[in-house]
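These are the residues of each chain, in order.
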Amino acid sequence: MQTVNPTTEAELETYAHHDGEAIEEALDAASTAFEEWSARDVTERQTLVGSIAGGLRENLEEYAALMTDEMGKPLDQSRGELEKCAWVCEYYAENAAEFLQDERVGVHPKVKTKVSYEPLGPLVAVMPWNYPFWQVLRVAAPTLAAGNTMLLKHAPNVTGCATAIEDLLHDVGIPEGTFQTLVVGPDAVHDAIADDRVAAVTLTGSTRAGSAVAETAGKHLKPSVLELGGSDPFVVLDDAPIERAASVGVDARTKNNGQACIAAKRFIVVDDVYEAFKERFVAEMNDLVVGDPTESETDVGPLARDDLRDTLDEQVRATVDAGADVLLGGEPLDREGYFYAPTVLENVPEGTPAARDELFGPVASLFRVPDEAAAVELANDTDYGLGASVWTSDLDRAERLTGEIEAGAVFANELVSSDPRLPFGGVKSSGYGRELSSQGIREFTNEKTVWLS
Ligand code: NDP
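Residues numbered from 1 in each chain as written. Predicted model: local features only at pLDDT ≥ 70, side-chain atom pairs only at ≥ 80, totals over all residues. Heavy atoms only, no water.

## What about the nonpolar core?
Here is a general trend for soluble globular proteins: nonpolar side chains tend to be buried in one another's company. Applicable threshold: Residues grouped as a nonpolar core are buried Ala, Val, Leu, Ile, Met, Phe, Trp, Tyr and Cys residues, joined through side-chain atoms within 4.5 Å. Exposure is judged per residue with a 1.4 Å probe applied to protein chains only, and the accessible area is read against the type maximum: over 50% gives exposed, under 20% gives buried, and values in between give partly exposed. A run of DSSP states H or I qualifies as a helix once it reaches four residues; a run of E qualifies as a strand once it reaches two. Both are numbered from the N-terminal end.
Grouped together as the largest cluster of nonpolar side chains are 64 residues, with contacts concentrated most on Leu56, Cys89, Phe133, Leu137 and Leu169. If you list the elements that add at least two residues to this core, you get helix H2 (42–58), helix H3 (60–71), helix H4 (75–100), strand S4 (112–119), strand S5 (122–126), helix H5 (134–145), strand S6 (149–153) and helix H6 (159–171). It is H4 that provides the largest number of residues to this core, a total of 11 residues. Grouped together as the second largest cluster of nonpolar side chains are 52 residues, Val369, Ala374, Val390 and Leu401 included.

Have a look at this one:
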């Protein structure tokens, strides 16, 4: 497995695939470790999870540079990602025992009834490259604290991050076999899900990959959580604070080089404020500094792989060929690295990739609608349902709209982001199940009903 720096196109490292024998050993180790790990008191497990935070901060510069080298995120955003990873570890270190404590449920005065949360066993986690540390640690922190063990299959282009995380967890004292990285392709994932030693699977990635994993999980009756893509609406109403909406909108679209599932992708703006929003938005997109992600002034780095850049280019071309207008950008940059110009499209026809699909890169589509009702209708006119952002100065109106928009999260007057304290996940083709918060830690537990009479 070869990793490549998307900024320079230079080869970074070569990693050997785990062969059948190594995978077999890892499955055995995960299963054996589960016996010991799950038997420990939750407070002991949560303390060890908390100690990952210290290790992340100690090695912050090294890990940030590794992430930026492997997938091109601006270095400062890599640092921010690691801080957030430390936060999620600390969050579960403080709260896991409380989230997992038995819940008394009164059904009859002579009967003691409760619900207890027991770990399930080894979990296979299939993760993407866009947040190479966050995607893994926001699964690992609750999963390990709950008493499960974990086998990580990371995206190949961030194999260095995958092995760094494995080393870190060992260094802080997570026992052998409790967290392991498998350097394997997708076939091994399906074999692992089918294996009796594996209890459950989680995947973050494309709908195509999610559907494949869910099919195997369903066949073998293993629980799964899927966090898939989004075509998130960013709805701007007539009473919105336009300048702030435009600035935050640019950030929401271009953070992480535009490669986030919860990035704002479709900007749905009512007629009265459309021109004012457009002018400000295009100007700020145009001001973005595109370049070397290790430079502190860079806002947007390269896309993570050449095929991802090519796919984005095809999506934009197909949309423009169908009649969309290009207000800014619209093509890859003619330079070394997998760079794509910050792009704004308008008059995007129905059914085109920019209207229908997930565009994973710094490409925003503007949609003009007559009023609030049309905005909500268009916001919901997608197969996806991950996040949505609504802009209005009337909070009652915002709260009413949150009930009308089909999404796992609706944020008013803010960009959508994940927070360890709040559940995260989607509806429709954006997946199912919840991560983070108390919901996330209970996803891979046996919510056992206990009746004592
Ligand atoms: P994928 O969904 O293909 O990859 C994500 C992870 O899933 C990787 O570890 C990948 O491994 C694995 N995977 C892929 N196919 C299968 C399969 N059939 N069975 C089991 N595991 C599988 O995403 P890409 O990196 O190719 O990106 C494509 C698009 O997916 C993006 O343009 C974006 O739209 C979306 N995406 C969404 C993300 C999100 O945060 N929701 C994150 C990343 C991508 P391997 O690479 O070895 O196949």
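## Notes on the sheet that holds strand S18 (residues 445–452)
Test applied: Only strands that DSSP links by at least two bridges are regarded as paired with each other.
Read across the sheet, 3 strands follow the order S3-S4-S18 without closing on themselves; strand pairing throughout is antiparallel. Each having just a single partner strand, strand S3 (103–104) and S18 make up the two edges of the open sheet. Relative to S18, S4 runs antiparallel, the two being bridged by 8 bridges. Looking at the pairing, Tyr117 lines up with Glu447 of S18.

## With respect to the environment of Val450
Applied cut-off: We call two residues in contact when some of their heavy atoms are within 4.5 Å.
Structurally, Val450 can be placed in strand S18. Through-space distance from the C-alpha of Val450 to that of Ser116 is 7.4 Å; in sequence the pair is 334 residues apart. When sequence neighbours within four positions are dropped, the list of residues in contact with Val450 reads Lys112, Thr113, Lys114 and Ser116.

## Some words on the site of the ligand
Heads up, the rule is: A cutoff of 4 Å decides nearness: a residue is near a molecule or strand if any of its heavy atoms lies inside that distance of it. Polar contact is the term for a pair of N or O atoms within 3.5 Å; when the atoms are in protein, one must be able to donate a hydrogen and the other to accept it, and sequence-neighboring residues count only if both atoms are side-chain atoms. We get accessible surface area from the Shrake-Rupley algorithm with a probe of 1.4 Å; when it comes to residues, only the shown protein chains can shield them.
By nearness alone, 28 residues border the ligand, and Trp129, His190, Ser206, Arg208 and Glu358 come closest of all. Here Lys153 contributes a side-chain N or O atom positioned 2.9 Å from an oxygen atom of the ligand. Leu228 is positioned with one of its backbone polar atoms (N or O) 3.1 Å from a nitrogen atom of the ligand. Coverage of the ligand by the protein chains reaches 86% of its 860 Å² of free accessible surface. Counting only elements with at least two residues in the shell around the ligand, the list comes to helix H7 (186–194), strand S8 (200–204) and helix H8 (207–219). The dominant element in the shell around the ligand, judged by the number of residues it contributes, is H8, at 4 residues.

## Some words on a negative patch on the surface
Where we set the bar: A patch consists of residues whose relative accessible area exceeds 30% and which take part in no salt bridge; residues with like charges are grouped when within 9 Å of each other, and nonpolar side chains (Val, Leu, Ile, Met, Phe, Trp, Tyr) when within 5 Å. Counted as salt bridges are all cases of a side-chain nitrogen of Lys or Arg within 4 Å of a carboxyl oxygen of Asp or Glu. Note on charges: Lys and Arg go in the positive column, Asp and Glu in the negative column, and His and the chain ends are not counted at all. Taken as the charge location is NZ of Lys, CZ of Arg, CG of Asp or CD of Glu.
On the surface, Asp251, Glu295, Glu297 and Asp299 cluster together into a negatively charged patch. Inspection of the secondary structure assignment puts Asp299 in the loop between helix H10 (271–287) and helix H11 (306–321). Judged by its relative accessible area of 31%, Asp299 is partly exposed.

## Quick notes on unusual backbone geometry
Phi is positive for Asn413, close to 60 degrees, though the residue is something other than glycine. Residue placement: Asn413 occurs in the loop between strand S16 (409–412) and strand S17 (431–432). Within the chain, Lys428 stands out as a residue other than glycine whose phi angle is a positive 55 degrees. Among the structural elements, Lys428 can be located in the loop between S16 and S17. Judged by relative accessible area, which is 37%, Lys428 ranks as partly exposed.

## What to know about the environment of Ala304
Following the sequence through the fold, Ala304 ends up in the loop between H10 and H11. As a C-alpha pair, Ala304 and Thr68 span 236 residues in sequence and 9.6 Å in three-dimensional space. Among residues more than four places away in sequence, those in contact with Ala304 are Pro6, Glu70, Met71, Trp129, Asn157, Gln259 and Tyr338.

## Some thoughts on the environment of Met1
Tracing the chain through its elements places Met1 in the segment before strand S1 (2–4). Expressed as a C-alpha distance, the spacing of Met1 and Val363, which sit 362 residues apart in the sequence, is 30 Å. Beyond its immediate sequence surroundings of up to four residues, Met1 is in contact with Glu13, Thr14, Tyr15, His17, Pro156, Thr159, Val183 and Val184.

## Observations regarding a nonpolar patch on the surface
Residues Val105, Val107 and Trp451 make up a contiguous nonpolar surface patch of roughly 300 Å² in combined accessible area. By the element assignment, Val107 lies in the loop between S3 and S4.

## Here we look at the packing of aromatic side chains
How two aromatic rings sit relative to each other is set out by the distance from centre to centre and by the angle between their planes. To keep it simple, the criterion reads: Pairs were defined over the aromatic rings of Phe, Tyr and Trp, the Trp ring being its six-membered one, requiring ring centres within 6.5 Å. Orientation was assigned from the angle between planes: stacked under 30 degrees, edge-to-face over 60, tilted for the rest. Any Lys NZ or Arg CZ that is within 6 Å of a ring centre and within 35 degrees of that ring's normal is treated as a charge sitting over the ring.
Inspection of every chain in the model, using the stated rule, returns 10 aromatic pairs. Between Tyr91 and Phe99, the ring centres sit 5.9 Å apart and the planes meet at 50 degrees, which makes this aromatic pair tilted. Each member of the pair Tyr91 and Phe99 is classed as buried. Their ring planes at 50 degrees and their centres at 4.7 Å tell us that Phe267 and Phe281 sit as a pair that is tilted. Taken together, the residues span a long stretch of sequence, with Phe267 in strand S11 (residues 264–270) and Phe281 in helix H10 at a distance of 14 residues. On the accessibility criterion, Phe267 (0% relative accessible area) is buried. An aromatic cluster of at least three residues, connected via ring pairs, comprises Phe234, Phe267, Phe277, Phe281 and Trp391. Here the guanidinium or amino end of Arg442 rests over the ring plane of Tyr117, the centre of that ring lying 4.4 Å away.

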